[in-house]
Protein chains: 2
Amino acid sequence: MKIESVDFFYLSMPEVLDIGDGSQDALLVRVRAGGFVGWGECEAAPLVSIASLVCPMSHSACKPVQASVLGQRLDGPEDIARIGRLVRDNSLDLLQADHTLAGIDIALWDLIGKRRGVPVFDLLGTKRAYPKTPYASLLFAETAEGTRTAARALRERGFTAIKFGWGPYGRGSAKADADQVQAGREGLGPDGHLLVDAGTVWVDDVDRARERLAALQQCGAMWLEEPFVSGAIDAYAALAKESGAVKLAGGEGCHNFHMAKHMIDHAGLGYVQIDTGRIGGITDAKLVADYAAKRGVTFVNHTFTTHLALSASLQPFAGLESHRICEYPVEAKPLAIELCRDRIERDADGLVHVPETPGLGVEPDEAAIRKYLVETEITVGGKLLYRTPAL
Amino acid sequence: MKIESVDFFYLSMPEVLDIGDGSQDALLVRVRAGGFVGWGECEAAPLVSIASLVCPMSHSACKPVQASVLGQRLDGPEDIARIGRLVRDNSLDLLQADHTLAGIDIALWDLIGKRRGVPVFDLLGTKRAYPKTPYASLLFAETAEGTRTAARALRERGFTAIKFGWGPYGRGSAKADADQVQAGREGLGPDGHLLVDAGTVWVDDVDRARERLAALQQCGAMWLEEPFVSGAIDAYAALAKESGAVKLAGGEGCHNFHMAKHMIDHAGLGYVQIDTGRIGGITDAKLVADYAAKRGVTFVNHTFTTHLALSASLQPFAGLESHRICEYPVEAKPLAIELCRDRIERDADGLVHVPETPGLGVEPDEAAIRKYLVETEITVGGKLLYRTPAL
């Protein structure tokens, strides 16, 4: 087969709110080859990834991403890896390219899986896909009381693991943060897994993070996520030495395997969190999962959006039985909920299973795409470089 | 003052060739505040950085770069640092943002320098700016004979340091590469500084890089640049153990201080090369220069384009007397040559001086901007987000 088309669709809620909710827009990727269609998704900033797909060449190592994809041979996983290397080589100086490649790589795995009639994890060499314990991922409420109520409601829906993040956490006093975490614990109950996500709020300031440790320890938080930006490896390592039973989690900002490897090697992480839609796709995420397992760090997906993204993010660590917990979006916006015809629902035991159907096992719904599609047009030097493609 | 406008201008040669020459297009940045105008430049992929300036918000940590710049207070260097932190915070999930911030940061330093009537290095706390020894930076010719001729011509123009890079190097046999390096040495003569740039051609393959070491050592090459991509720190460290008198140089791919720090700490570099137009601007580049000096690694600019970019890239290490060598473009395309009214020419001793005039000391020429301007337009959801601004 040859890759015949790579189409990007910009989807958005009619109104995007200034909150830490990444499910408010989406960049859907469709790849066609040999009569098959594969779907993928790039995380965040749809317009910028569209621009990186179609931009004019700056020089030999700064080409548009599509230059390394369109017309390429696509017969199996080795071609996906080869195309990824081509993109990295030809778009070396195009920073956004890793995020753009991510959605394309996901779509290529989906397409090859459909062609061969096997799920993606099978293509990845995973003999058996183990179920995961989903943690409900949501934002801290504005008040501790709101957080307590939200945690209680999720517990009643059967979630035994809950992560609160962003919102007011880390922006006010340590006391206010302690109240929030305590409220989360009370709502969840004494036996559930409580996770806290600081959303990089302290950038690289170890002192401010350290002030929050006691409350997290007292509430039995399982992890503190992203106290710092992904690059602040020394800050992570310093905090990890003092965090005791509260493990550090991070890595969603990694946009290639190398960055994730550095974090695993040097940041003192208990959990490395990888967004398949950012790191260059399933290919790089699988490399990270294998490396993390070897180094005794637990791999976790980062997924706050659609079930297409969820399926893509579960594939790389489906075979790691002891890497048990997975992020599971529970308060996604209608766009993210309606986009996928197939959903990955919890089973009677509250567990999540990677789809066993060919490819990613999650198809986008054409009506939903039409409903949220944002018409986009880019013209450079009188030449139309991009116009929202036909469905 | 308040920042009144941030304007991006996409410039390009009429034809962009598929060669490793980064001077074929440019993204010029103009910032206006309080009656002053500052100019900067973002390295590579103009359309993508424009998109990241104006894109719709995806969520609270994925805002367009301009949201953190327009209307901000700008009275001194502390405001530039504050704006940079704002961009990093508000555009955390927008990968391209570091490159976009770079051009804006440069323009802000230029503007503050003009307002206070002092050169940028003075604002950076540099008491005295030391002259630099420019190395002529150009591509390997297709044949060793071509490389020899080019080296000889540059020596005759007074260059005592020459760097050859990209082109066929690393893509054929080790013997062909050895012939190229030998030809460079012969053309330059026995006493000049010979530098070799592999342009990341071996990605992270230490074995292929190792095969080239003997020839580099025999020809007395001062450094081998970018044998690997910036992230491949372990590969750098492994090669550095064997490279002897040939030091490793790298770092141009770093898009924030943290990445450069990791390379300085762990990659075994002799030289860290920073592109001010990529790493987030003069602010981050200065942090790297100071850190490199402390760690005994020599800071070098990465500049292949205009003299505006050259001035910006010299400021961060102007005060480091022993960090003597600087990259100096010698075969830039007409766009890059014509863009700046003021040029940073070598003095009678062949040395390069950072401009002593206010700001960056290099003004773009309006006629040149008009000549190479590429009209660009971006529309999303029926709303015009970007149109090439008026000059």
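The structure displayed is predicted, hence computed values, not measured ones.

Criteria and thresholds
Residues numbered from 1 in each chain as written. Chains lettered and ligands numbered in written order. Predicted model: local features only at pLDDT ≥ 70, side-chain atom pairs only at ≥ 80, totals over all residues. Heavy atoms only, no water. Helix = DSSP H or I, 4+ residues; strand = E, 2+ residues; numbered from the N terminus. Buried < 20%, exposed > 50% of the residue type's maximum accessible area, 1.4 Å probe, protein only. Pairing = 2+ DSSP bridges. Least-squares fit on C-alpha atoms with pLDDT ≥ 70 in both. Contact = heavy atoms within 4.5 Å. Salt bridge = Lys/Arg side-chain N within 4 Å of Asp/Glu carboxyl O. Axes fitted to C-alpha atoms, helices over the stretch in contact; angles between N-to-C directions. Buried area = accessible area lost by both parts, 1.4 Å probe. Polar contact = N/O pair within 3.5 Å; in protein donor to acceptor, adjacent residues only side chain to side chain. Nonpolar A, V, L, I, M, F, W, Y, C, P; charged D, E, K, R; others polar. Phe/Tyr/Trp six-rings, centres within 6.5 Å; stacked < 30°, edge-to-face > 60°. Lys NZ or Arg CZ within 6 Å of the ring centre and 35° of its normal. Core = buried A, V, L, I, M, F, W, Y, C linked by side-chain atoms within 4.5 Å. Expected span 1.5 Å × (residues − 1). Domains from an automatic or database assignment. 1 Å grid on protein atoms, 1.4 Å probe; cavity = no way out; pocket = protein on both sides within 12 Å on 5 of 7 lines; lining within 4 Å. Points joined across faces, edges and corners; volume = space filled by probe spheres on them. Lys, Arg positive; Asp, Glu negative; His and termini not counted.

(A) How the structure looks around unusual backbone geometry. All names here are of chain B. If you check the backbone angles, Ala45 has positive phi at about 55° while not being a glycine. On the secondary structure map, Ala45 appears in the loop between β3 (36–42) and α1 (46–54). In this structure, Trp166 is a non-glycine residue whose phi angle is positive, near 55°. Looking at where Trp166 falls in the secondary structure, it is placed in the loop between β5 (161–165) and α6 (174–188). On the accessibility criterion, Trp166 (14% relative accessible area) is buried.

(B) Expanded view of the pairing of strand β13 (residues 383–387) of chain B. Direction of pairing for strand β12 (residues 376–380) of chain B relative to β13(B): antiparallel, over a ladder of 4 bridges. Paired with Val380(B) across the strands is Lys383(B), a residue of β13(B).

(C) Structural context of the relation of the copies chain A and chain B. Once turned by 180° and shifted 0.0 Å along the axis, chain A lies on chain B with an RMSD of 0.0 Å. Within this description, the copies of the chain are treated as partners about a two-fold rotation axis. A share of 100% of interface residues in chain A that are also interface residues in chain B marks the association as one of identical surfaces.

(D) Spotlight on the pattern of salt bridges. Counting across every chain of the model gives 64 salt bridges over all chains. For Arg88(B), the salt bridge identified is with Asp284(B), shortest N-O distance 3.1 Å. One end of the pair, Arg88(B), is in helix α2 (residues 77–90); the other, Asp284(B), is in helix α11 (residues 282–294), and 196 residues separate them in sequence. Among the charged side chains, a salt-bridge network with shared partners connects Glu43(A), Glu252(A), Arg278(A) and Asp93(B).

(E) Local environment of the sheet that holds strand β1 (residues 3–12) of chain A. Residue and element names in this part refer to chain A. Reading across the sheet, the 3 strands line up as β1-β2-β3 and stay open at both edges, with antiparallel pairing between neighbours. Only two strands of the sheet have a single neighbouring strand rather than two, namely β1 and β3 (36–42). For this sheet the average axis-to-axis angle between neighbouring strands, irrespective of direction, equals 20°.

(F) Spotlight on the interface of chain A and chain B. With 60 residues of chain A at the contact, the number on the chain B side is 60 residues. Between chain A and chain B the total buried area reaches about 4500 Å² when both faces are included, carbon and sulfur atoms providing 60% of it. Viewed at the interface, chain B and chain A are joined by 24 residue pairs in polar contact (both at pLDDT 80 or more). Secondary structure elements with two or more residues in the side of chain A that touches chain B: α1 (46–54), α3 (97–116), α9 (233–240), α10 (257–266) and β12 (376–380) of chain A. Considering only residue class, the side of chain A that touches chain B consists of 26 nonpolar, 19 polar and 15 charged. Inspection of the sheet shows β12(A) paired to β12(B) by 5 bridges, in the antiparallel sense. Bridge pairing in β12(B) links Thr376(A) to Val380(B).

(G) Focus on the packing of aromatic side chains. Residues and elements named next belong to chain A. If you walk through the whole model with that rule in mind, you get 20 aromatic pairs over all chains. Between Phe159 and Tyr328, the aromatic rings sit 6.0 Å apart at their centres with planes inclined by 45°, giving tilted as the arrangement. With Phe159 in the loop between α5 (144–156) and β5 (161–165) and Tyr328 in strand β11 (residues 325–329), the pair connects residues that are 169 residues apart, well separated along the chain. Phe159 sits in the buried class, given a relative accessible area of 1%. By relative accessible area, which is 5% here, Tyr328 ends up buried. Ring pairing ties together the aromatic residues Phe140, Phe164, Tyr169 and Trp202, which thus form one cluster. Arg346 extends its terminal NZ or CZ atom over the ring of Phe159, reaching a point 3.8 Å from the ring centre.

(H) Expanded view of the nonpolar core. With 245 residues, the main nonpolar core has Phe8(A), Leu224(A), Phe8(B) and Leu224(B) as its most contacted residues. When residues no more than four places from it in sequence are discounted, the contact partners of Phe8(B) are Leu27(B), Leu28(B), Val29(B), Cys42(B), Ser49(B), Ile50(B), Leu53(B), Thr100(B), Ile104(B), Tyr386(B) and Pro389(B).

(I) Focus on α3(A). All names here are of chain A. Here α3 spans 28 Å end to end across 20 residues, near enough to the 28 Å set by a 1.5 Å rise per residue. Taking burial as the measure, the 20 residues of α3 include 17 buried ones, the bulk of the element. Where α3 ends, the next residue or the one after it, Gly117, has phi of about 70°, a positive value.

(J) Structural view of the domain arrangement of chain A. Residue and element names in this part refer to chain A. As assigned here, chain A comprises domain 1 (3–118 + 366–387) and domain 2 (123–338). For domain 1 versus domain 2, the distance between C-alpha centres works out to 26 Å. When the two sides are added together, the surface that domain 1 and domain 2 hide from each other amounts to roughly 2600 Å², 65% of it contributed by carbon and sulfur. Our count for the contact surface shared by domain 1 and domain 2 stands at 4 salt bridges. Glu338 serves as the salt-bridge partner of Lys371, at 2.9 Å between the closest nitrogen and oxygen. Linking domain 1 with domain 2 are 14 residue pairs in polar contact (both at pLDDT 80 or more).

(K) Broad picture of the environment of Leu384(B). Mapped onto the fold, Leu384(B) is located in strand β13. Here Leu384(B) falls in the partly exposed class, since its relative accessible area comes to 38%.

(L) Looking closely at empty space enclosed by the protein. Scanning the model with the defined rule gives 4 cavities of 30 Å³ or more in all. The computed volume of the largest cavity comes to approximately 320 Å³. Of the residues in the lining of the largest cavity, the class split is 12 nonpolar, 11 polar and 12 charged. Shared between two domains, the lining of the largest cavity holds at least three residues of each, these being domain 1 (3–118 + 366–387) and domain 2 (123–338) of chain B. Each pocket or cavity is described by its volume, and for the second largest cavity that value is around 190 Å³. The wall of the second largest cavity is formed by 19 residues, among which Gly20(A), Trp166(A), Glu252(A), His302(A) and Phe304(A) lie closest to the centre.

(M) Broad picture of the side chain of Asp25(A). Here Asp25(A) lies in strand β2 (residues 25–33). The buried charged residue Asp25(A) lacks any salt bridge, with Arg278(A) as its nearest oppositely charged partner at 9.6 Å. Side chain to side chain, Asp25(A) and Ser58(B) meet in a polar contact 2.6 Å long. Setting aside residues up to four positions removed in sequence, Asp25(A) forms contacts with Tyr10(A), Leu11(A), Ser12(A), Pro46(A), Leu335(A), Met57(B) and Ser58(B).

(N) Layout of the sheet that holds β5(B). Residue and element names in this part refer to chain B. In space, the 8 strands of this open sheet follow the order β10-β9-β8-β7-β6-β5-β4-β11, with parallel pairing throughout. Bordering the open sheet on either side are β10 (298–301) and β11 (325–329), each of which pairs with just one other strand. Across the sheet, the mean angle from the axis of one strand to that of its neighbour is 25°, orientation sign disregarded. Judged from the 5 bridges that link them, strand β4 (residues 133–139) and β11 form a sheet pairing that is parallel.

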